[in-house]
Amino acid sequence: MISSQMGDRDQAIMDALPEAPVTPAADALEGWRSGVVYQVYPRSFSDTDGDGVGDLAGILDHLDYLNDGSPDSLGIDAIWLSPIYPSAGFDSGYDVSDYSAIDRIFGTLSDFERLVAEAHRRGIRVILDLVLNHTSHLHPWFVESRASRTGLRSDWYIWRDPAGYSPAGRPRRPNNWVSFFGGPAWTWDATREQFYLHTFLPQQPDLNWRNPAVRAAVLEIIRTWLDRGVDGFRFDVFNAFFKHADLPSNPYRLGGRRAYSRQVHLYDKNQPELVELLAEIRQIVDELPGRMTVGELFEGSVRQAAAYTAPGHLIFDFSLIRQPWSARAFARAIAEREAAFGPGGWPTIVLSNHDQSRSASRYDDGPHGDARVKVAATLLLTLRGTPFLYYGEEIGLRDVAVPWAEIQDPAARRSRFLSSWWNRDQARAPMPWGLGPNAGFSTARPWLRMSPESATRNVASQTADPRSVLSYYRRLIWLRRSRSALSVGSYEAVGIGDASVFAYLRRAADQAALVVLGFGRRAVTVALPESPSGRPWRAILSTHDPLPPAGDRLELRPLEAVIFVDD
Ligand code: GLC
């Protein structure tokens, strides 16, 4: 079980581990604070049926890798699955055509039930991605809605008459709103002779959340999946569900590369009705203990994130993703988050996801290989908040360049004409597991190209290497599981007197941990603050070998992260 190459560092962690893995906290919701969530992008995780696309059986095959109860596994507490429902495929599953079923490409409902049962057997919870701002244009609701102005579902989407006609007889759009993916947010429908609204693609019409029938239908979907045993939901672009009832034009602002950023989004999202809707959703979710929800804050501030956070309900804000590689920048961003959330609020920690350039690429610093990746891992897993780890992040997977002819991301394909857009395929490369065709991902040609590093940067080779990013993640996550100061503890920034170092103290009732993160290329000597217990700080994990000696001074090596305890 435990690698025979175990060094001092590993021994220190093993000493710190309790006899048995820590199970989620007794208070079921508290478990969502201490736990680590792992985002699976199902298309890219593991393909078992040989069609080049990942599937549910592939996820099942790797549950032991994610957590088999031993520190040889990654040790995560929950998986969030990007959408697995039937979809017309215009936005890689974020255009759902049936919310209650499983897309054939991923498997069947019984595959899903098996996955949930097997995940639960290992103490892994399952979170589904619900895309409720919009449906696919091929969803029967929209097909019916666009058929007539008087039908049963005519008011299920946001339809508007034109704001007059041009001299040439062309209908004018109801307001100035633009799509996040480029172009206007309104598409003309010749049958109804009206426009419909779409915050994203024309193939993703926005639901009318002000219609009680829509609300009831969606809440029913939530109940269906709860009945099938899921433990929580991620709500896609949660803060965009409601638009201002009168649909006024947004004010313009200067700057911004894309038309979307040249508007102040006063009226097309963040409407007050959201708070009451959240309460209604939570009521349903809370009928079962320990169910969580997390809302994706679509282009919002840290303060908005804090305001929408509620018991059992977390919010993704992407402020940390935007930070450059700088101790000061992170310290400042975290100070802002801590101020917004306050000690009672609970943020999320996200450095990567399926929409953004991977953190290992953003921080890539060629000559230093994975040194920054390990410092970033330490940050992700020791800040105050629930960490969300994106598949592949644990092996330092980089973005993969995808030539134009192979681009799948519709927003990127459109961008040539409508807006500049970062091709999200780059962050969605198939997971390299080890040897074999396509690094063990699939026997067929993968739906997206593999990373050119797959032969060397993969799960098997990193498992065998105690100094790999993966081995470091495993140690870090199991250490976090064993120390409540690191998971649920309070946070306090520590001034350490060097601009290239970011340090903070985490404290729970009876224990403390000091985290020191070196962002710089130079070695520096820093003075450690006095420990709460008065005993000298003792290093229990470092990105470097050997562990620094105990004491009140630390000779921090270039790009070194160290975790100290004082017990
Ligand atoms: C969210 C998803 C993204 C998707 C968009 C529209 O931002 O994360 O992948 O394209 O919503 O559903």
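All values derive from a computational prediction rather than experimental measurement.

1. Quick word on helix α6 (residues 140-147)
Within the sequence span of α6, burial applies to Trp141, Phe142 and Ser145. Seen from one end, α6 has its buried residues packed into an arc of 90°, which puts them on one side. Check the buried side of α6 and you find it contacts β4 (159-160), β6 (194-197) and α7 (212-227).

2. Regarding the environment of Arg291
Within the element layout of this structure, Arg291 appears in the loop between α8 (273-285) and β8 (292-296). Exposure remark for Arg291: the relative accessible area of 15% places this residue in the buried category. When the C-alpha atoms of Arg291 and Gly369 are compared, they prove to be 39 Å apart, with 78 residues separating the residues in sequence. Reaching out from Arg291, the side chain makes a polar contact with the backbone oxygen of Val230 at a distance of 3.1 Å.

3. A look at the nonpolar core
Nonpolar side chains in soluble globular proteins tend to be buried together. Core analysis: the largest hydrophobic core is formed by 119 residues, its most contacted members being Tyr38 and Ile79. Both domains that furnish three or more residues to this core are identified here as domain 1 (137-206) and domain 2 (490-565). Core analysis: the second largest hydrophobic core is formed by 18 residues, Ile496, Leu505, Trp537 and Leu547 among them.

4. Some thoughts on the pattern of salt bridges
Taken as a whole and assessed by the stated rule, the structure comprises 34 salt bridges. The shortest N-O distance in the salt bridge between Glu453 and Arg457 comes to 2.9 Å. For Glu453, a relative accessible area of 29% corresponds to the partly exposed category. Accessibility expressed as a relative area gives 9% for Arg457, which makes it buried.

5. Some words on the side chain of Lys374
Tracing the backbone shows Lys374 in helix α12 (residues 371-382). Buried and unpaired, Lys374 has no salt bridge, with Asp370 as the nearest side chain of opposite charge at 6.6 Å. Leaving out residues up to four positions away in the same chain, Lys374 has contacts with Arg467, Ser468, Val469, Tyr472 and Thr543.

6. Here we look at the domain arrangement of the protein
Domain boundaries assigned for the protein yield domain 1 (137-206) and domain 2 (490-565). Taken over C-alpha atoms, the centre of domain 1 sits 56 Å from the centre of domain 2.

7. Some words on the site of the ligand
Near the ligand there are 14 residues, and of these Asp91, Asp236, His354, Asp355 and Arg424 occur at the shortest range. One of the side-chain N or O atoms of Asp91 is found 2.5 Å from an oxygen atom in the ligand. Here an oxygen atom of the ligand and a side-chain polar atom of His354 are 2.8 Å apart. Relative to its free-state accessible area of 300 Å², the ligand is covered by the protein chains to the extent of 96%. By residue class, the composition of the shell around the ligand is four nonpolar, three polar and seven charged.

8. As for the pairing of β6
Covered by surrounding structure in β6 are Gln194 and Tyr196 together with Phe195 and Leu197, the residues of both alternating faces. By the bridge criterion, two bridges tie β4 to β6 in an arrangement that is antiparallel. Residue pairing in the sheet places Arg160 in a bridge with Phe195 of β6. Alignment of strand β5 (residues 186-189) against β6, held across four bridges, turns out to be antiparallel. Counted as the bridge partner of Trp186 is Leu197 from β6. Linking β5 back to β6 in an antiparallel pair, the connection comprises four residues, with Glu193 at a positive phi of about 50°.

What counts and how
Residue positions are given per chain, counting from 1 as you read along its sequence in written order. With pLDDT at 70 or above as the cut-off, local features in this predicted model cover only qualifying residues; side-chain atom pairs require 80 or more to be listed or tallied, and sums for whole chains, interfaces and linings still use all residues. As a rule here, side-chain values cover all heavy atoms of the structure and leave hydrogens and water aside. Categorising residues by exposure relies on relative accessible area from a 1.4 Å probe, with only protein chains included: less than 20% of the type maximum marks a residue as buried, more than 50% marks it as exposed, and the intermediate range marks it as partly exposed. Helix and strand assignments follow DSSP, with helices taken as H or I runs no shorter than four residues and strands as E runs no shorter than two, numbered in order from the N terminus. This arc corresponds to the set of directions leading from the helix axis out to the C-beta atoms. A contact between two residues is defined here by any heavy atoms of the two lying within 4.5 Å. Pairs of N or O atoms within 3.5 Å make up the polar contacts considered here, provided that, within protein, one atom can donate a hydrogen while the other can accept it, and that residues adjacent in sequence are counted only when both atoms are side-chain atoms. What we call a nonpolar core is a set of buried Ala, Val, Leu, Ile, Met, Phe, Trp, Tyr and Cys residues that are connected through their side-chain atoms within 4.5 Å. Boundary definitions for the domains trace back to an automatic or database domain assignment. The term salt bridge refers to a pairing of a side-chain nitrogen on Lys or Arg with a carboxyl oxygen on Asp or Glu at a separation within 4 Å. Counting rule for charge: Lys and Arg are taken as positive, Asp and Glu as negative, and neither His nor the chain ends is counted. The criterion for a residue being near a molecule or strand is simple. One of its heavy atoms has to lie within 4 Å of it. Only the protein chains shown count as cover for residues, and all accessible areas are computed by the Shrake-Rupley method using a 1.4 Å probe. Under the convention adopted here, Pro, Cys and the residues Ala, Val, Leu, Ile, Met, Phe, Trp and Tyr are nonpolar, Asp, Glu, Lys and Arg are charged, and Gly plus all remaining residues are polar. In short, DSSP must find at least two bridges between two strands for them to pair.

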